[in-house]
Amino acid sequence: MENFFSQKENRLLGSLVLLMALIALGAYASYTMKQSKYAFTGPTTISVVGEAEVMAVPDIGSFTFSVKGENALAGEARSLAAKKANDIKSFLTGSGVEDKDIKTISYNLNPKYRYEPAVCPMGSYCPQRQVADGYEVTEMVQVKVRAVDRAGDLLSGVSDLGVDYISGLEFTVDDTSVFEAEARAAAIADAKAKSGPLAEALGVKIVRMTSYFEDEGYRPYYGYGGDMAMNMAAPAKQAVDPEISLGENTIKSRVTLTFEVKQ
């Protein structure tokens with residue numbers, strides 16, 4: 001009899017523990033579901049891209065030239081290149097170009113070599129041998145011309161003074177900050193103008209702007225004053241100096257605005 005009641009009490013106790021566990025599990029599940037309803041998932045946002053461009057008349061012309069000196073002695077090669085470069089710089093400063101606008105961008109002194117046939121047995125492979133043949137000095141100079149209407153004359157004048165290479169004219173805007181700010185403001189206005197119709201189409205309302213990004217890869221586009229690069233091995237003097245048309249340069253801006261929205 002005692003064993004019977006003992007077994008019955010154990011079964012009742014086990015059932016009670018199981019029931020309590022089920023109740024607790026159900027309560028926990030209900031609480032978790034209620035809390036998840038109010039869990040923070042971050043604001044809903046939309047992003048729009050704005051683009052704009054402004055036109056600017058170039059106020060700077062620039063070109064580069066290089067001179068070369070060759071001699072069996074390094075010092076003599078340097079002197080030959082220096083004389084050419086100094087003559088050209090004197091011409092430029094005498095023509096109104098400021099010293100600060102004449103800049104050496106590279107200067108190289110390198111040994112030269114020639115190749116001579118080696119004496120080899122008949123019928124065998126006979127490579128040429130490398131023989132030292134003096135030195136070569138090359139100086140490359142960049143010139144900035146603020147009087148853009150004279151850029152063509154200066155380019156032609158430099159070409160007559162023994163340069164070995166002269167580039168084409170590039171026309172740029174010296175200070176682009178004002179034009180960049182104008183393009184940026186227009187791009188922002190473009191993005192804001194797009195945001196309203198987009199939010200309306202999506203059935204949401206704009207709360208506030210949350211982020212701003214500017215594509216810095218959008219740099220001003222600078223054109224060239226014609227294909228004027230010249231290899232000075234050929235005669236440099238032209239019958240008529242080129243008539244340069246400045247045109248306009250395009251300065252672009254691209255921005256992305258992100259807005260928080262709500263239903």
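Every chain is numbered independently, its residues counted from 1 as its sequence is written. This being a predicted model, a pLDDT of at least 70 is required before a residue's local features are given, and a value of 80 or more before pairs of side-chain atoms are given or counted; all residues contribute to the totals for chains, interfaces and linings. Excluding hydrogens and water, the side-chain values take into account all heavy atoms of the structure.

Asks: It is not clear to me how the overall build of the chain should be interpreted in this structure. Could you clarify?
Replies: Within the chain, the regular secondary structure consists of 4 helices and 9 strands. Put simply, DSSP H or I for four residues or longer makes a helix, DSSP E for two residues or longer makes a strand, and each gets a number counted from the N terminus. Counting from the amino terminus, helix and strand elements in the chain follow one another as α-β-β-α-β-β-α-β-β-α-β-β-β. Should any heavy atoms of two residues lie within 4.5 Å, those residues are considered in contact. Sequence-distant contacts in the chain: of pairs separated by 6 or more residues, those separated by 24 or more amount to 84%. To measure how exposed things are, a 1.4 Å probe is used in the Shrake-Rupley method; for residues, cover is taken only from the protein chains shown. Summing over all exposed atoms, the chain offers an accessible surface of approximately 17300 Å²; the carbon and sulfur share of this is 55%.

Asks: Looking at this structure, I do not really get the sheet that holds strand 7 (residues 205-214). What am I missing?
Replies: Working definition: the strands of a sheet are paired by backbone hydrogen bonds and lie parallel or antiparallel to each other. Strand pairing follows a simple DSSP-based rule, namely that at least 2 bridges must link the two strands. Read across the open sheet, the 3 strands follow the order 1-9-7; overall the sheet is antiparallel. Taken across any chain shown, the strands that pair with only one partner, and hence form the sheet edges, are strand 1 (44-56) and strand 7. If you compare each strand with its neighbour and ignore which way they point, the axes differ by 30° on average. Here strand 7 pairs with strand 9 (residues 249-262) via 8 bridges, running antiparallel. Directly across from I206, in strand 9, lies its bridge partner V261. With axes taken as lines fitted to C-alpha atoms, and helix axes fitted only over the stretch in contact, angles between N-to-C directions fall between 0 and 180 degrees. Helix 4 (residues 177-202) contacts strand 1, strand 7 and strand 9 of the sheet and is inclined by roughly 145° relative to strand 1.

Asks: Quick question: what am I supposed to make of helix 3 (residues 151-159) here?
Replies: In an α-helix, one turn spans 3.6 residues; hence positions three or four apart end up facing the same way. Type-normalised accessible area, obtained with a 1.4 Å probe on protein chains alone, sets the label of each residue: buried when under 20%, exposed when over 50%, and partly exposed for intermediate values. Extensive coverage of helix 3 is indicated by the burial of 8 of its 9 residues. When we look at burial in helix 3, the residues that qualify are A151, G152, L154, L155, S156, G157, V158 and S159.

Asks: What exactly am I supposed to notice about the side chain of E260 here?
Replies: As for its position among the elements, E260 is in strand 9. Residue contacts for E260: discarding those within four places in its chain leaves P43, T44, T45, K205, I206, V207, R208 and T210.

Asks: Please explain the pattern of salt bridges as it appears in this structure.
Replies: Two side chains bearing opposite charge may form a pair once their charged atoms approach each other closely. Salt bridge criterion: a side-chain nitrogen from Lys or Arg within 4 Å of a carboxyl oxygen from Asp or Glu. Going through the model one piece at a time under the given rule, you end up with 14 salt bridges. Salt-bridge contacts for K84 lead to D164; the nearest nitrogen and oxygen are separated by 3.6 Å. Placement of the pair is K84 in helix 2 (residues 74-94) and D164 in the loop between helix 3 and strand 5 (165-166), with a sequence separation of 80 residues. Given a relative accessible area of 27%, D164 falls into the partly exposed group. In the salt-bridge network here, residues are joined through shared partners; they are D101, K144, R146 and D174.

Asks: What am I meant to see in the packing of helix 2 against helix 3 here?
Replies: Between two packed helices, what matters for the description is the angle formed by their axes and the separation of those axes. Interaxial distance between helix 2 and helix 3 falls to 10 Å at its minimum, and their mutual angle equals 155°. On the basis of their axis angle, the class for helix 2 and helix 3 is roughly antiparallel. Both helix 2 and helix 3 take part in a crossing whose hand is right-handed. Residues I88, F91 and L92 of helix 2 lie in contact with helix 3, whose contacting residues are L154, G157 and V158. Residues are grouped as follows: Ala, Val, Leu, Ile, Met, Phe, Trp, Tyr, Cys and Pro are nonpolar; Asp, Glu, Lys and Arg are charged; every other residue, Gly included, is polar. The residue inventory of the contact of helix 2 with helix 3, partitioned by class, reads 5 nonpolar, 1 polar and no charged. Under this scheme an angle from 65 to 115 degrees is roughly perpendicular, one under 35 degrees roughly parallel, and one over 145 degrees roughly antiparallel; angles in between are oblique. Helix crossings are classified by the rotation of the near helix relative to the far one: an anticlockwise turn of less than a right angle makes the crossing left-handed, while a clockwise turn makes it right-handed.

Function cannot be inferred from these measures alone, as they are strictly geometric.
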